Amino acid sequence: MTRRLWARSGVVVLLWMGTQGCAHVPASQEADVDGLADWPEPAPEHEKDIESSEQGTPLEPLRAPPRASNLLVLGGGGEPASNEIALEKNVRYFQRTLEAHGLAPASATVYFANGNDGQATVRYLGEKASEQFKAPEIPHVKGPATLERFLEWVEQSARETPHQPAFIYFTGHGGLNSRHRNNNHLALWEGDTLTVRAFGLFLNRLPSTTPVVTVMSQCYAGSFANFIYQDANPKRPVVAQPRCGFFATVDFLPSVGCTPEVDEADYKDYSSSFFAGLSGLGRTGKAVVSADHDKDGRVSYAEAHAFAKVDGETTDLPISTSEAWLQRRATRGDRRRFLSSPILTVMRGGRPEQRYVAESLVARLGFLPELSVRDNLKTTMPRTAEAVAYVERLYMELINIGMQEKLRASGSPQALAVLERLLQCENGSWDRPAGAAPVPVRVEASEVEATGP
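To start, this report covers the structure provided alongside it. (Residues numbered from 1 in each chain as written. Predicted model: local features only at pLDDT ≥ 70, side-chain atom pairs only at ≥ 80, totals over all residues. Heavy atoms only, no water.)

1. Describing the overall build of the chain
For the chain, the count of helices and strands is 13 helices and 15 strands. Considering only intrachain contacts with a sequence separation of at least 6, the fraction spanning at least 24 residues in the chain is 76%. Of the roughly 18600 Å² of accessible surface on the chain, a fraction of 49% belongs to carbon and sulfur atoms. (Helix = DSSP H or I, 4+ residues; strand = E, 2+ residues; numbered from the N terminus. Contact = heavy atoms within 4.5 Å. Areas by Shrake-Rupley, 256 points an atom, 1.4 Å probe, with all protein chains shown as cover.)

So this is what it looks like as structure tokens:
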């Protein structure tokens, strides 16, 4: 993906020029000068829609952050041509992350591409960059990543482990619904697709009290933040079932990471950074700087997500369900205010992981925190697509913090109930069997994969 930049009144203006590997790219158009990306414009009925989405049965609060013990992985492309080896290696890294938590790799249900039928479907680059194919080599694969297998997992979970918090990881490709971006889809094997709406409806088969957490690393992934609403429709109420998720990028942009290159040391994608933050181990086995930003001895999903926002040197714009929910509430005036206020002033009200993100990105960009994003851009212009993404991530983080503070000041009980439950869900982590300990890792200080500013 490439982006072209212009400076207008000291603010970066972007033009999205295309992508590679994802279909149905939105038509390129110049962004509004008051936004740093092609942010969807709030509709005239924006406030009315928000109010209607908060009506209905009061949400039951989560008593504690969920500790997921029912783990599912869906991975691979929809066909051999899009079934890159990086996707296979993502699943194997996920399994190593389980081991780092003292969990057995076999404890997760894994469906990948064509499964274990022996067909050579994984695309990779061999000698002299020649395209080759091989059979998947992932331990404990239960079968192909098809819609039928996903439904089997849901039905089995509803029968056998109905009250175990669920964690679903998807690593593959996503498609854009250009008419309704709130209902994009996942590409599964054999041409199957899974839309946001269908995903939410299928999860309804689990008890309404069973938390579900997702991590999704595909193009247009942010659309799946809408699975918290009935029928994936932001105009409708939030579902009773506690749901939250973390996504590689927003609903209108492609993501990075699907490559046929075989060297994992060169992989840069959202889920690599997320699981490095969660486990403390990078893809090559080296320790990374701790993501335990609140110093409570446990790395939550939200803290791993914050780690990924700083660690991932990509053009992705990671987003979570609570962040999408907050950003949707932001008016044009709110966005202007966060763009024009001193960064220090806005970030002061953030949670530890939010302040970590803002402080780290400010340092990476060479910004002055006493100035606003707008004023910083008058003198410090990003020169690479990755640097532009860092500016956008910083702007998004300030919106998240600012809207959270605005909401708390409003005192709306319905809105606060939604926010608190989303944050509690996102503060969850993986369960660890009694007596289990993380895999010990001994590295020299010089080997630590530093991720700070």
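2. Quick word on unusual backbone geometry
Phi angles above zero are rare outside glycine, and Ala-113 is one such case at about 40°. Since its relative accessible area comes to 0%, Ala-113 is described here as buried. A positive phi angle is found at Glu-190, which is not glycine, with a value near 65°. Tracing the backbone through its elements, the reader meets Glu-190 in the loop between β10 (185-187) and β11 (193-195). (Buried < 20%, exposed > 50% of the residue type's maximum accessible area, 1.4 Å probe, protein only.)

3. Some details on the packing of helix α6 (residues 301-311) against helix α12 (residues 385-410)
In the contact formed by α6 and α12, the axes pass within 10 Å of each other and the chain directions differ by 150°. Comparing their axes, α12 and α6 come out roughly antiparallel. Facing Ala-308, Lys-309 and Val-310 of α6, the residues of α12 in contact are Tyr-390, Arg-393, Glu-397 and Asn-400. Its residues assigned to classes, the contact of α6 with α12 comprises three nonpolar, one polar and three charged. (Axes fitted to C-alpha atoms, helices over the stretch in contact; angles between N-to-C directions. Parallel < 35°, antiparallel > 145°, perpendicular 65-115°, else oblique. Nonpolar A, V, L, I, M, F, W, Y, C, P; charged D, E, K, R; others polar.)

4. A word on the packing of helix α10 (residues 352-365) against α12
One can describe the packing of α10 onto α12 by two numbers: an axis separation of 9 Å at closest approach and a directional angle of 150°. Between α10 and α12, the angle is such that the two are roughly antiparallel. Where α10 crosses over α12, the two elements pack in a sense that is left-handed. Contacts from Gln-354, Val-357, Ala-358, Leu-361, Val-362, Arg-364 and Leu-365 in α10 reach Ala-387, Tyr-390, Val-391, Arg-393, Leu-394, Glu-397, Asn-400, Ile-401 and Gln-404 in α12. Of the residues that constitute the contact of α10 with α12, the class distribution is ten nonpolar, three polar and three charged. (Left-handed = near helix turned anticlockwise from the far one by under 90°.)

5. Overview of the state of the cysteines
Under the defined criterion, the tally for this structure stands at one disulfide. The disulfide that involves Cys-244 links it to Cys-425, with 2.2 Å between the sulfurs. The disulfide joining Cys-244 to Cys-425 has a torsion of about -75° about its S-S bond and is therefore left-handed. Taken together, the positions of Cys-244 in strand β13 (residues 243-247) and Cys-425 in helix α13 (residues 413-426) put the pair 181 residues apart, joining distant regions of the chain. For Cys-425, a relative accessible area of 1% gives the class buried. Summary of cysteine pairing: Cys-258 is not part of a disulfide, and the nearest cysteine sulfur, belonging to Cys-219, is at 6.5 Å. (Disulfide = S-S within 2.5 Å.)

6. Things to note about the nonpolar core
With 114 residues, the main nonpolar core has Phe-150, Phe-167, Phe-275, Trp-325, Leu-394 and Trp-430 as its most contacted residues. No other element matches α12, which puts eleven residues into this core. (Core = buried A, V, L, I, M, F, W, Y, C linked by side-chain atoms within 4.5 Å.)

7. Looking at the environment of Ala-385
Locating Ala-385 in the fold gives a position in helix α12. For the pair Ala-385 and Asp-316, spaced 69 residues apart in sequence, the C-alpha separation works out to 9.9 Å.

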